[in-house]
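Reading the structure
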Amino acid sequence: MLVLYLSLKLQVSVRDISWTPPCCILQPMLVSMLRSWKSKMSAPIVNMFRKYRDVAANSKFLRFGLPMLLLIVGGSFGLKEFAVLRYESQYMKRKIDPETEERLGIKKKKGKVTLEGEYEKLVESDLDNWANIRGPRPWEDSKEVQDEQRNQAKT
């Protein structure tokens, strides 16, 4: 990318620019650093796994049960993080700023639904006088059937 930018900026062909990628320069240095790190840092870890393998050879729980429990518990923590990410992204998608709502003409309910308000609606309704109206069957027209049953219930 850098080579193309330089070629366009300097108006020179890409073939004329002799450039060595940094990975070719850094590779021998990185390899030597990793080898020294591997020999210093991995020895205690390898020894720990060897000791575990020797102890677990005689115990079925340590050989099969403990890794299974670690997988289940660790998996639940991992899935929790993915679920949180999922629900946060859904919340951000639904959240719209008020200016955009006004511009698009979206109207939200201003009042909150409260327990007292729902109780008042329930008190105002007449629960003693009601009629059971069956729903239409698949081959019947729903509006006609319900209108007939409402008329019969009123009379």
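These lines cover the structure that appears in this document, whether it is placed above or below. Counting from 1, residues in each chain are numbered in the order their sequence is written. Residue-level local features of this predicted model are given only where pLDDT is at least 70; pairs of side-chain atoms are given and counted only at 80 or more, and the full residue set underlies all totals for whole chains, interfaces and linings. For the side-chain quantities, the full set of heavy atoms in the structure was used; hydrogens and water were omitted.

**Comments concerning the overall build of the protein**
- Summing up its helical and strand segments, the protein has 6 helices and 0 strands in all.
- Mapped from its N terminus to its C terminus, the protein presents α and β elements in the order α-α-α-α-α-α.
- Here the protein holds 155 residues, and the buried ones make up 5% of them.
- Contacts between residues were defined by any pair of non-hydrogen atoms, one from each residue, lying within 4.5 Å. Residue pairs at least 24 apart in sequence account for 0% of intrachain contacts in the protein once pairs closer than 6 positions are excluded. Counting from the N terminus, the helices are the DSSP runs of H or I reaching at least four residues and the strands are the DSSP runs of E reaching at least two. When accessible area is computed with a 1.4 Å probe and restricted to protein chains, residues below 20% of their type maximum are described as buried, those above 50% as exposed, and intermediate ones as partly exposed.

**Quick look at the side chain of Gln149**
- Along the chain, Gln149 falls in helix α6 (residues 142–154).
- Relative accessible area serves as the criterion here: at 18%, Gln149 is assigned to the buried category.
- For Gln149, the residues in contact, after removing those within four places along its chain, are Ile133 and Arg134.

**So, the pattern of salt bridges**
- Definition used for salt bridges: Asp or Glu carboxyl oxygen within 4 Å of a side-chain nitrogen of Lys or Arg. Enumeration over the complete set of coordinates arrives at 3 salt bridges.
- The partner of Glu81 in a salt bridge is Lys80, with the nearest N and O atoms 3.9 Å apart.
- Relative accessible area serves as the criterion here: at 49%, Glu81 is assigned to the partly exposed category.
- Residue Lys80 is classed as partly exposed on the basis of its relative accessible area of 43%.
- Asp147 is the partner of Arg150 in a salt bridge, and the nearest nitrogen-oxygen pair spans 3.6 Å.

**A word on a nonpolar patch on the surface**
- Residues enter patches when they are more than 30% accessible in relative terms and free of salt bridges; like-charged ones are connected within 9 Å and nonpolar ones (Val, Leu, Ile, Met, Phe, Trp, Tyr) within 5 Å. Where accessible areas are quoted, they stem from the Shrake-Rupley method and a 1.4 Å probe; at the residue level, only the protein chains shown are allowed to cover. Together, Met68, Leu71, Ile72, Val73 and Phe77 line one region of the surface with nonpolar side chains, adding up to about 520 Å² of accessible area.
- Looking at the element boundaries, Phe77 is found in helix α3 (residues 60–94).

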